[in-house]
Each structure stands twice: as C-alpha cells, then as structure tokens.
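The residues making up each chain are set out below.
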Amino acid sequence: MFGRALILVMALILLGHGLLAQEGRSDGSRQDSLLIGRRDQATQTKLRVVRQLLAGKNFHGAAAMLESLYEQQPDHDIVLNLLQTCYRQLKLHGKLETLTRRRLEKSPDNLSFKLTLAETLAQQSRIDEALLVYEDAIEGLSGRDRNRYLIVIRSLIGQDFEPRALSLIDTTRIVFADSTLFAVHRGMILERTRKYKEAAYEYLPLLMQDTTQEAGNAERRILALLDFAESAPVVEEILVETIGRAESGRALQLLTTHFLKSGRFDVAYDYALRQDSLSEGNGQSLMRYVRQCRDHRAYHEVIRMSQHLMERYPQSPFMADAMSGYAFALTQVGRPEDAVKEYRRVVEQFEGTPSASEAWYQIGSIYLNQLNKPEQALAYYDSLVTLSPRGQGFLNARKAIPQCYLRMGNLDKARDELELLKTANLNEESLEELEFNLALISFYGKVFDTAEVALRRLMVEYPKGYYVNDALQLILLISRAEGNDTLLYDYSSALYFAHRLMSDSAKASYLRLAEADDRVLADVALLRLAELELADADTTESINTIEKLGEMFPESYYVPFGLLIKADVLAAWEDGVDEAREIYSRLLMDYSDYPFIGDVRRRLRVLEPGSGPS
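Within each chain, residues carry numbers counting from 1 in the order of the written sequence. Per-residue local features are limited, in this predicted model, to residues with pLDDT of at least 70; the limit for side-chain atom pairs, both in listing and counting, is 80 or more; totals at the level of whole chains, interfaces and linings are taken over all residues. Only heavy atoms go into the side-chain values, all of them from the structure, while hydrogens and water stay out.

## Remarks on the side chain of Glu-533
Then, in step 1: Secondary structure follows DSSP: runs of H or I at least 4 residues long count as helices, runs of E at least 2 residues long count as strands, and numbering of each begins at the N terminus. Checked against the element boundaries, Glu-533 lands in helix 28 (residues 522-535).
Then, in step 2: In what follows, a contact means two residues having at least one pair of non-hydrogen atoms within 4.5 Å. Sequence-distant contacts of Glu-533, that is, excluding residues within four places in its chain, are made with Lys-507, Asp-538, Glu-541, Ser-542 and Thr-545.

Right, dumping it as structure tokens:
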C-alpha cells in the first residue's frame, strides 16, 4: 500500500516537472516568435526607407542601410537583390563580385548570379575570367527553354562578346532546329560590323510572320537600314529581289515607305498599287499610303492616290477618309475652291456622321484662313453649332466663331463670344488659349494696361502653358515702349492687321516702326516684318530684313529668332544646307536659354550626317 502511494507521488512529481518544462518551452517559443516578428517588422520598415532612397536615386544611402541589414540577415533575398542593384548603379564592381560569389556558393546553379558575376568581371576588364563564367552558364543550359538562351545572348551582347553571342545563336538554332531563331539579335550584331546584306537576310524571313513581335522588330530594323545612307542601297536591292521572286505584302509596304520618304514618289506609288493588288482588299493599303503621304506633306501624292482609291473602290469603308484627305490636300496645294466642293460632297454623302461635321468645319476654316472671307466662315460655323450641338465639331466651331469676328474687325463681338465660351467644358489648354485671345483683344483695342494685367495673370495661372512665351514678349514690348502711345499704337495696329491677313497694311506699320526716330521697337518690328515676308513666300526679302536686324541691333533679344528663320529658309535650299547647319550650331552654343532651343536640336540632327541605323 505504501509502495503504491510512493509510486503515485513520484508520478505526480514527474508529471509536474513535465508540465513546467512544457510551459517553459512554450514561453520560450512565444518569446522567439515575438523577437522574429519584431525583427521582421524592423526590417520591413528599413526596406521601405531603402526603396524611398532608391526612388530618389540616393544609391549611396541605400547601400549603407542595406549593408547593415545584410550583416544582420545574410540570407535575406530582398536585401541581397537590392544591394546588388546599388553596387551595380554605383559601379562598385569589386563589392558586387564578392557579394555575387557568396550567393553562388549557396546557389551554384543560379543562372542570374552567374551572369551577374560574368558581367561585373567583364566590367573590370577581366575578360578571360568573364568568358569562363559565361561558358559555365552556357553548359548549365538544358531543356527546351529558349528564354534562358536568350538571356545569356543578351548578356554577351551587352558586354561586347558579340562573336561568342553569334556562335551561341548558331548552336541554339541547331538545338531547336529553327534557322530564324534570335534573328533580330544576330542581325543587330551583323549591323555593328557593317555587314548590312547579311543582316537584311536575317530579318527578311521574319517578315512573313506578320503577327509576331519578332516580325515587327525585324521590320523596324529594315526601316532603320533603309534610312541610313550607307546601308540603304544594299537593303533596297535585296528587297526588290525578294519581291521579284515572291511578292510579300510586308516587303512591298517597306519599299513603299522607303521610296516615299526618299522622295521617289512614282516608284512608291507603283509599289503601293502592287501591294493593293496582292492584298485583294477594299483599299486599306491605298488608304495607308494616303495617310503616309499626308504625314510627309506630299500633298500631290495624296491627291493622286485618293483619286485612284475613290475610282477603284467606290464602296470602300474608307471612302469618307479618302474624300476628306483629298479635300485637305487640295487646300494645301492652293486649290481652296476645289477643296470646298469636295468637302460638300462629304457632307452630302455622309450626312449626320462625324465625317460630315468635320467637313462642315473644314469648309468654314477654308473661308476663314485661305479665302479670308470671315462672314462666310461664320455662317458655316453657326450652322455647325446649330446642327451638331455636341461633340468635338461643335466645340471647334464655337472656338472658331470669335476668330471670325476678329477678322471682321468687331473686337466687342469677339470678346463677347470668348466670354460666352468660358461656360463650355474646356480643357486647360483651351482655357489658356481663350485667356490669351482676350488679352490680345485688349491689346488690339489699345487698352494696354488691361492687356498687360491679363498677360501677367496668364503667366501665373499657366506657367508651363503654350502661350507663356508670347505673353512674356508682349509684356516686355509694352514695358520697352515706356508709355510711348504712338509706338504702341503702331505696333498694335500692325499686329492686328497681320491677324486679319491684311499683309500690306501690317508691313507698312512695321516699316514705320523700324524707321521711326525713336527706335525702341524697331528691332521687334523688323523681326515681325521678316515673318510676314516669309509667310508671303518672299524668302529673299525675308533674309535681307533679318540681316538688317542683325546689322542695326546686334545685341537685340530678337536677333536669334531672326537667325532661326534664316536657317530654316537656307535648310530648304540645296546650296544653303551648310550655312543653315552653322547657324543652328551657333544658336545651340550661344543661345541655349532661348525657348526654341529644342527645335534647333531636332533640326540640326536632321541635317547632320547619319552615324548609322538606330
């Protein structure tokens, strides 16, 4: 009996120790979990700060925090990846190499780590070591995953190991039994070594794959080769031979675009017709050619192809676009009356459609801008507002109506219409234009104080707006005149005459300012005179006026604007390109703070000899 009692007591004691031990272990686990949770929370907080530093391009600060985190958690993948990014951005190749080798020790088959190591070795000019790592990466490739091969090829190309990239592409073509595999990458390598013919033959087979991304990339590469003077003849010959053997719609389209851009319109036109014949469609390829010609301002070609399209496909779904494009081109080549007739045909055939509304609006614009008959234009705009009281056509007509009254010389009515337009749902760009026109009306009306206040308000409300520079120039002009009402009256009249397309009256007013005893506005008057002469196609006289501006006022703010006009004129002359290039370069160097400098860079780039297909 005593023995059983002793056993029971001992069992209870042991059970108690077990429960206590279990409770102790449970408390310890909870404490460990809490510690891990706090550490993870602290890490996430620090990582958020790191990402903010990275977003602000503060790679040094981010790297310092990440190195501290790395010491605490050497296996945290996010920390490691971000730290690699920092080292790469800071070009800390030694640190990146060390970090990557440590990661490779734990993941020896990781392709990304191998390529990172190879790249950082190459960037340290340790070429043989880099190639060995690349070979190890290539040996690790297996299976049918093309993307992994592509990743290695891109890395090789990026480190200028192009011969090895070429050999790897050749190998993968055998592995995958695909003779066009990675053709775009192979072609680009060949381009860099000026093997344009071989590159073109890489791209051509892809053109038959109309819907693939690779086909689109190949098409862009061929277009780039056709745009480059050194490679264009070779590639052009290959394309012509290709369609001679078997016509391809995509190859025909490339040749059409090429000959159009190079100004060989008859050849481009013939290829566009061949493409249409091959497609057996409804004029879609012809309409594409019309749009291309319009984009390149080849308006005679727009007229020719639009006429053919309308005759060939009278029931084409593109008929409204073709007719409208035809009418637009007639306007651009100086046949506004014929354009009006064509737009009226659009209105009759497509009544109640957006095409008809747009045609109605374009008729009004022709009367306003080409024929300078604002009364007739106003009638068309009023009709459009009445017939289509919504949509873009309605809004465009509403915006044009004040311009009609300005052309008619009715400043009060123009102002009323602009004030009424404020109630429309205008975007910020249109509101800025409206406010600028109201300021102009005050200036035209000789209320210069009101005009200046309105212009200054516009600059505050639209600091990055389209009319800020125009507003600033008018403010400066008012300030320069210093209350000389005679000068401001003459300038205001000249500006308003020009707005109303009364060129002779405007020129006379500008000449009067240029020859006045007080020459405070003479320089700007000469610039505006040169602009009018250019608008009247009197380029020789325009250049003479600009040269006079430079001689009389060499330090004037307006001289660079005159030089830009002169350069633009010369750039259009065959024997003036070199001088135009010199002027653009001078403007770029001496007047980099002028508002037109972005345009100067673009124009100079067009005139500079090409450095190769991009």
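Now that the structure is up, let's keep going.
## What about the nonpolar core?
Then, in step 1: What is meant by a nonpolar core is a set of buried Ala, Val, Leu, Ile, Met, Phe, Trp, Tyr and Cys residues, joined one to another through side-chain atoms within 4.5 Å. Buried residues are those whose accessible area, probed at 1.4 Å on protein chains only, stays under 20% of the maximum for their type, while exposed residues exceed 50% and partly exposed ones sit between those limits. If you look at the biggest cluster of nonpolar residues, it comprises 147 residues, and the most contacted ones within it are Ile-222, Leu-239, Tyr-381, Phe-443, Tyr-491 and Tyr-510.
Then, in step 2: Contact partners of Leu-239, with chain neighbours within four places excluded, come to Leu-204, Ile-222, Leu-226, Ala-251, Leu-254 and Leu-255.
Then, in step 3: The next biggest cluster of nonpolar side chains, apart from the first, holds 28 residues, and it includes Leu-121, Leu-141, Leu-150 and Ala-165.

## Re the packing of helix 14 (residues 265-279) against helix 15 (residues 284-295)
Then, in step 1: The axes used here are C-alpha line fits, helices contributing only the stretch in contact, and every angle between their N-to-C directions lies in the interval 0 to 180 degrees. At a closest axis distance of 8 Å, the pairing of helix 14 and helix 15 adopts a crossing angle of 155 degrees. In terms of orientation, helix 14 and helix 15 fall into the roughly antiparallel class. Facing helix 14, whose interface residues are Phe-265, Ala-268, Tyr-269, Ala-272, Leu-273, Gln-275, Asp-276 and Ser-279, helix 15 presents Ser-285, Leu-286, Arg-288 and Tyr-289. In what follows, roughly perpendicular refers to angles from 65 to 115 degrees, roughly parallel to angles under 35, roughly antiparallel to angles over 145, and oblique to any angle outside these ranges.

## Re empty space enclosed by the protein
Then, in step 1: Within this scheme a cavity is a closed region of a 1 Å grid, computed over the protein atoms alone, that accommodates a 1.4 Å probe without allowing it to escape, whereas a pocket is open but has protein on both sides within 12 Å along at least five of seven lines; lining residues each have an atom within 4 Å of a point. Grid points are joined across faces, edges and corners, and a volume is the space filled by probe spheres set on the points. Taken as a whole and assessed by the stated rule, the structure comprises 1 cavity of 30 Å³ or more.
Then, in step 2: The computed volume of the largest cavity comes to approximately 40 Å³.
Then, in step 3: No other element matches helix 24 (residues 448-461), which puts 3 residues into the lining of the largest cavity.
Then, in step 4: As a working rule, the residues Ala, Val, Leu, Ile, Met, Phe, Trp, Tyr, Cys and Pro are called nonpolar, Asp, Glu, Lys and Arg charged, and the rest polar, with Gly in that last group. Its residues assigned to classes, the lining of the largest cavity shows 2 nonpolar, no polar and 2 charged.

## A few points about the layout of surface pockets
Then, in step 1: Reported here for the largest pocket is a volume of approximately 1300 Å³.
Then, in step 2: In terms of lining, the largest pocket is formed by 36 residues, of which the most central are Asp-470, Gln-473, Leu-495, Arg-528 and Glu-531.
Then, in step 3: Put simply, the parts of the chain that give the lining of the largest pocket at least two residues each are helix 21 (391-408), helix 23 (428-444), helix 25 (468-481), helix 26 (485-499), helix 28, helix 30 (559-571) and helix 32 (597-607).
Then, in step 4: In terms of residue count, the dominant contributor to the lining of the largest pocket is helix 28 (7 residues).

## Details of the confidence of the model for the protein chain
Then, in step 1: A score from 0 to 100, pLDDT tells how confident the predictor is in each residue. Looking at the protein chain as a whole, its pLDDT mean stands at 86, while 91% of the residues score no less than 70.
Then, in step 2: Averaged pLDDT values over the elements of the protein chain bottom out at 55 in helix 1 (residues 2-55) and peak at 95 in helix 17 (residues 319-332).

## Brief notes about unusual backbone geometry
Backbone phi values are negative for most residues with the exception of glycine, while trans is the configuration of most peptide bonds.
Then, in step 1: Even without being glycine, Arg-194 reaches a positive phi, approximately 65 degrees.
Then, in step 2: Within the secondary structure, Arg-194 sits in the loop between helix 9 (183-192) and helix 10 (196-207).
Then, in step 3: Overall, Arg-194 belongs to the exposed group, its relative accessible area being 56%.
Then, in step 4: One non-glycine residue, Ala-537, lies in the positive phi region at around 65 degrees.
Then, in step 5: Within the secondary structure, Ala-537 sits in the loop between helix 28 and helix 29 (539-552).
Then, in step 6: Looking at Ala-537, the relative accessible area reads 62%, which means it is exposed.

## Observations concerning helix 3 (residues 77-90)
Then, in step 1: To estimate the expected span of a helix, count its residues, drop one, and scale the result by 1.5 Å. Here helix 3 spans 20 Å end to end across 14 residues, near enough to the 20 Å set by a 1.5 Å rise per residue.
Then, in step 2: When helix 3 is considered as a whole, its buried residues turn out to be Val-79, Leu-80, Leu-82, Leu-83, Gln-84, Cys-86, Tyr-87 and Leu-90.
Then, in step 3: Phi turns positive one or two residues past the end of helix 3, at Lys-91, with a value near 60 degrees.

## So, the packing of aromatic side chains
Then, in step 1: In summary, the pairing rule links any two rings of Phe, Tyr or Trp, Trp by its six-membered ring, whose centres are within 6.5 Å, and it sorts them by plane angle into stacked for under 30 degrees, edge-to-face for over 60 and tilted for everything else. Applying the stated rule across the entire model yields 23 aromatic pairs.
Then, in step 2: Ring plane angle 25 degrees and centroid distance 5.0 Å describe the contact between Tyr-557 and Tyr-594, whose orientation is recorded as stacked. With a gap of 37 residues between them, Tyr-557 in the loop between helix 29 and helix 30 and Tyr-594 in the loop between helix 31 (577-590) and helix 32 connect regions that are remote in the sequence.
Then, in step 3: Tyr-594 gets classed as buried once you look at its relative accessible area, which sits at 11%.
Then, in step 4: Here a set of aromatic residues connected by ring pairs shows up, and it is made of Tyr-557, Tyr-558, Phe-561, Tyr-591, Tyr-594 and Phe-596.
Then, in step 5: Between the NZ or CZ atom of Arg-294 and the centre of the ring of Phe-328, over which it lies, the distance is 3.7 Å. Charge-over-ring placement is defined geometrically: NZ (Lys) or CZ (Arg) within 6 Å of the ring centre, and within 35 degrees of the ring normal.

## Here's the deal with the pattern of salt bridges
Then, in step 1: Just to be clear on terms, a salt bridge is a Lys or Arg side-chain nitrogen sitting within 4 Å of an Asp or Glu carboxyl oxygen. As enumerated under the stated definition, the model contains 37 salt bridges in all.
Then, in step 2: Taking the shortest distance from any N to any O, the salt bridge between Asp-599 and Arg-602 comes out at 2.3 Å. Placement of both Asp-599 and Arg-602 in helix 32 is noted, with a separation of 3 residues, approximately one turn of the helix.
Then, in step 3: The partly exposed category is assigned to Asp-599, whose relative accessible area is 31%.
Then, in step 4: Looking at Arg-602, the relative accessible area reads 46%, which means it is partly exposed.

## Some words on the environment of Ala-199
Then, in step 1: Tracing the chain through its elements places Ala-199 in helix 10.
Then, in step 2: Relative accessible area serves as the criterion here: at 0%, Ala-199 is assigned to the buried category.
Then, in step 3: The spatial distance from the C-alpha of Ala-199 to the C-alpha of Leu-458 is 54 Å, given a sequence separation of 259 residues.
Then, in step 4: Sequence-distant contacts of Ala-199, that is, excluding residues within four places in its chain, are made with Gly-187, Leu-190 and Glu-191.

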